[in-house]
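The residues making up each chain are set out below.
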Amino acid sequence: MDIREQEARNNQNFSQEYTSDFIREIISRDVQEGKNDGRVVTRFPPEPNGYLHIGHAKSIVLNFGVAEDFGGRCHLRFDDTNPEKEEVEYIESIKEDVRWLGYDWGEHLYYASDYFDRLYEFAEELIIKGKAYVDNLSQEQIREYRGTLTEPGRESPFRNRTVEENLELFRKMRAGEFDEGECVLRAKIDMSSPNLNMRDPTIYRIKKVPHHRTGDKWCIYPMYDFTHCLSDSLEGITHSLCTLEFEDHRPLYDWFLDQLDVPCHPQQIEFARLELTHTVLSKRKLMELVRGGYVTGWNDPRMPTLSGMRRRGFTPEAIRDFCKRIGVAKSKSIVDIALLEYCLREDLNRRAPRSMVVLEPLKVVIENYPEDKEEEVESENNPEDPSMGTRKLPFSKVIYIEKDDFRENPPPKYYRLAPGREVRLKHAYYIKCTDVIKDEKGEVIELRCTYDPETRGGWSADGRKVKGTSHWVSARHAVDVEVRLYDHLFTRADPDDIEDGEDFKANINPKSLKILKGCKAEPALENARSGEIFQFLRQGYFCVDSEDSKEGAPVFNRTVSLKDTWAKIERSKKKAR
RNA sequence: UGGGACGUAGGCAAGUGGUAAGCCACCUGGUUUUGGUCCAGGCACUCGCAGGUUCGAAUCCUGCCGUCCCAGCCA
């Protein structure tokens, strides 16, 4: 059996297995019918003019995922036809993000600019076939001649130049003999088409701007519509997946491929781009947040960029899982960010070692515990995964617990510490609150408790039950750390839900970042390495910030909180009142 | 009153003429040394609306309504 046969056979298996969305269904059918000899080749084609975000992740997971499912391949191609907007620094970050997500394009890294020579030849071919012309109308005139949504356009007076004249003019354009804006090359299609894209679209414009890859070689650059379909064809792409707004461009995509002598005719299929609640995904708005200083940069942990999410502590596994769960369809969809958080928690719960950190410390003195005694208690590192082992935690007379784990006047259903009440210190002892010490303002600053030496490890032999379990840190052994709590960037699900005269920035969440200093962490955390993830018991998942942590002084980012049933109860009680 | 698409639960989304999957969210209960995890259960008498075809319609037909996209020498 030769390789092609083997591939076809694999594809058959794949096609039976994967029919989970309309695109895979189409491809599956194509494969079964032997279209493209059963090959499947996709591509992810970013323009290197910005950072990748979670919306791009959907496209990456789709394109690489489809290729994987059908035993094909996926190319990474930079769509770099506009040197005014594109920069090399974006290329590296995009490659890094795709790799981080877990995908490998192998040998298949391409640039549209690699095809400039061939694209130029295609343009001449079009001219020779009488299907393109050099137009001297100004930009404004072109707009006027295009007509409107409801009225047909008019033909340019330059539309019927001879092939020879067009060829000569186009060559002069290439040679730099004209100024920017003096003329463009246009496809000769139909000025009265109801589809505006077909009203003689521009395919080459003059830009006397050096290109980040081709340098000064060109002063004319091809437009997207012309470039994309031909690049796809040149690479042997079989299925060109793009977002809904390109639906109207499909006739043009097909037109170029039909007019020209091309290697193959890929099929463009459109799907709905991802939108998420409580955030924005448009390049323009993201840029505005960065430029306006609303965030600290493109990799601010609150940003939906892949670099921001990476820094925040998201895992590629969680993002991939999310992208697969949201599905692929054609209806415009706004996915609840809670689903993303769910995927994250699910992944982190499995893999994050547990750790005790008191975010807002309240001092507790255990009166019947010997002054200078110290002991170690054993704690599991992850109840979900015993293979992660255990660790020793130091215990002593003075400890810290979470402020929120004590109430002088406990509300109903509150089963944490209160005067006279007993709770468990996780993995250590039961303690009972005997006294409350306040400062002159009446604020609780210290608790006096007693412990039951018979409850070591957090068990009681007499079968007595305690309802609450608190995390804690031994004061003498605690290390101070900085912790950053993040919340949604926007308070409203739809940031564009605004009053008259406002813009989306009016919905920025003023509490999207809360910095906590002097948090008390168990000793081992002092040496946590950049990027390392933890579950801070009863709080959430945290990772060591890669930018601001120093040796021995880690800064922790809250990736996502744990679900908090008690907070929910309190919230609903407040609402009911 | 141009063209292209899309309307199934609070949010995604299956469904392709045989009597509404699944996930998130939400709500109940159970387990629990994390108010976490886990487990069990609930959550669309109905598929934008109105007619029609059919023994039978979310699926087919007709009409209507609503939402989104398109007038860059951006992608």
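A. Layout of the sheet that holds strand β1 (residues 41–44). A sheet is described by the order of its strands in space; here 3 strands give the open sequence β1-β2-β3, paired in parallel fashion. The two strands at the open ends of the sheet, each matched to only one other strand, are β1 and β3 (109–111). Each adjacent strand pair in this sheet contributes to an overall mean axis angle of 35 degrees, direction not counted. With 4 bridges joining them, β1 and strand β2 (residues 73–78) adopt parallel strand pairing. Within β2, the position partnered with V41 by the bridge is R73. With respect to the sheet, helix α3 (residues 54–69) is in contact with β1 and β2, its orientation differing from that of β1 by roughly 160 degrees. Packing against the sheet, helix α8 (residues 224–235) makes contact with β1, β2 and β3, and its axis sits at approximately 140 degrees to β2.

B. Structural detail: the packing of α3 against helix α12 (residues 316–325). The interhelical angle for the contact between α3 and α12, taken along N-to-C directions, is 75 degrees, at an axis separation of 9 Å. The orientation of α3 with respect to α12, classified from their angle, is roughly perpendicular. Within the contact between the two elements, α3 uses I54, A57, K58 and V61 and α12 uses I319, R320, F322, C323 and K324. Among the residues making up the contact of α3 with α12, the classes are represented as 6 nonpolar, no polar and 3 charged.

C. Examining the confidence of the model for chain A more closely. Mean pLDDT over chain A stands at 95; residues scoring 70 or higher make up 97%. Across residues 1–19 the pLDDT falls below 50, and counting only partners more than four positions away or on other chains, this stretch makes 24 contacts in the model. Across the interface, the model reports ipTM at 0.97; the global pTM reads 0.95.

D. Representation of the state of the cysteines within the structure. Per the counting criterion, the structure on display carries 0 disulfides. Cysteine C449 remains unbridged, with the sulfur of C433 as its closest cysteine sulfur at 4.8 Å. The buried category is assigned to C449, whose relative accessible area is 0%. With no disulfide of its own, C543 has C519 as its nearest cysteine by sulfur position, at a separation of 15 Å.

E. Inspection of the protein's contact with RNA strand B at higher detail. As a matter of local geometry, RNA strand B sits amid 67 residues, with T81, R354, R416, G457 and T565 nearest to it. For RNA strand B, the backbone makes up 65% of the atoms found within 4 Å of the protein, where backbone means sugar plus phosphate. A distance of 3.1 Å is found between a sugar or linking oxygen of RNA strand B and a side-chain nitrogen or oxygen belonging to K426. Between RNA strand B and the protein, one listed contact pairs a phosphate oxygen with a side-chain N or O atom of T565 at 2.6 Å. Where the surface near RNA strand B is concerned, the elements lending two or more residues are α6 (139–146), β6 (202–206), β11 (333–335), α13 (337–351) and α14 (565–576). In terms of residue class, the surface near RNA strand B is built from 25 nonpolar, 18 polar and 24 charged.

F. Seen up close, the domain arrangement of chain A. Domains assigned within chain A are domain 1 (3–271), domain 2 (274–355 + 482–577) and domain 3 (357–471). Computed over C-alpha atoms, the centres of domain 1 and domain 2 are 35 Å apart. Contacts between domain 1 and domain 2 engage 24 residues on the former and 25 residues on the latter. Interface area for domain 1 against domain 2, summed over the two sides, is near 2400 Å², with a carbon-plus-sulfur share of 70%. Of all residues in domain 1, the largest losses of buried area upon contact with domain 2 belong to I54, K58 and W100, amounting jointly to 34% of the total for that side. Summed over the shared surface of domain 1 and domain 2, the number is 4 salt bridges. K330 is paired through a salt bridge with E270; the nearest N and O atoms lie 3.8 Å apart. Counting across the domain 1 and domain 2 interface gives 7 residue pairs in polar contact (both at pLDDT 80 or more). For the side of domain 1 that touches domain 2, the secondary-structure elements that each account for two or more residues are α2 (22–32), α3, α4 (88–101) and β9 (267–271). The element contributing the most residues to the side of domain 1 that touches domain 2 is α3, with 6 residues. Its residues assigned to classes, the side of domain 1 that touches domain 2 comprises 13 nonpolar, 4 polar and 7 charged.

G. Representation of the side chain of R161 within the structure. Its place among the elements puts R161 in the loop between α6 and α7 (163–175). Polar contacts involving the side chain of R161 include one to the main-chain carbonyl oxygen of V134, which spans 2.8 Å. Other than its neighbours up to four places away in sequence, R161 contacts V134, D135, N136, N166 and L169.

H. Local environment of the sheet that holds strand β19 (residues 430–438). Pairing in this open sheet of 7 strands is mixed, and the strands run β21-β18-β19-β20-β14-β17-β22 from one edge to the other. Lying at the two open borders of the sheet, with one neighbouring strand each, are β21 (469–470) and β22 (472–474). As defined by bridge partners, β19 adjoins strand β20 (residues 444–451) across 7 bridges and the pair is classed as antiparallel. The residue of β20 that forms the bridge with I437 is E446.

I. Looking closely at unusual backbone geometry. Phi at D200 is positive, roughly 45 degrees, even though this residue is not glycine. Structurally, D200 can be placed in the loop between β5 (184–187) and β6. Judged by its relative accessible area of 1%, D200 is buried. A positive phi angle, close to 65 degrees, is found at R538, a residue other than glycine.

J. Looking closely at the nonpolar core. Ranked by internal contacts, the top residues of the largest apolar core, which has 53 residues, are I54, V98, L289, I319 and F322. The two domains that each donate at least three residues to this core are domain 1 (3–271) and domain 2 (274–355 + 482–577). With residues up to four places along the chain from it excluded, the contact list for L289 reads V280, Y294, V295, M303, L489, F490, F504 and I508. Of all hydrophobic cores here, the second largest spans 38 residues; its members include F122, C183, C219 and F226.

K. Spatial organisation of the side chain of E482. Positionally, E482 belongs in strand β23 (residues 479–486). E482 sits in the buried class, given a relative accessible area of 15%. Within the local environment of E482, its side chain forms a polar contact with the side chain of R484, the two groups lying 2.9 Å apart.

L. Seen up close, the packing of aromatic side chains. Overall, the coordinates contain 23 aromatic pairs when judged by the stated rule. Between F490 and F504 the ring centres are 6.0 Å apart and the planes differ by 40 degrees, which places this aromatic pair in the tilted class. Of this pair, F490 sits in the loop between β23 and β24 (513–521) while F504 sits in the loop between β23 and β24, and the two are 14 residues apart along the sequence. Across the pair, F504 and F490 agree in class, each one buried. Judged by centre distance (4.1 Å) and plane angle (15 degrees), the rings of F536 and F542 are stacked. By relative accessible area, F536 is classed as buried at 0%. By relative accessible area, which is 1% here, F542 ends up buried.

About the criteria used
- Residues numbered from 1 in each chain as written.
- Chains lettered and ligands numbered in written order.
- Predicted model: local features only at pLDDT ≥ 70, side-chain atom pairs only at ≥ 80, totals over all residues.
- Heavy atoms only, no water.
- Pairing = 2+ DSSP bridges.
- Helix = DSSP H or I, 4+ residues; strand = E, 2+ residues; numbered from the N terminus.
- Axes fitted to C-alpha atoms, helices over the stretch in contact; angles between N-to-C directions.
- Contact = heavy atoms within 4.5 Å.
- Parallel < 35°, antiparallel > 145°, perpendicular 65-115°, else oblique.
- Nonpolar A, V, L, I, M, F, W, Y, C, P; charged D, E, K, R; others polar.
- pLDDT = per-residue confidence, 0-100.
- Disulfide = S-S within 2.5 Å.
- Buried < 20%, exposed > 50% of the residue type's maximum accessible area, 1.4 Å probe, protein only.
- Near = heavy atom within 4 Å.
- Polar contact = N/O pair within 3.5 Å; in protein donor to acceptor, adjacent residues only side chain to side chain.
- Domains from an automatic or database assignment.
- Buried area = accessible area lost by both parts, 1.4 Å probe.
- Salt bridge = Lys/Arg side-chain N within 4 Å of Asp/Glu carboxyl O.
- Core = buried A, V, L, I, M, F, W, Y, C linked by side-chain atoms within 4.5 Å.
- Phe/Tyr/Trp six-rings, centres within 6.5 Å; stacked < 30°, edge-to-face > 60°.

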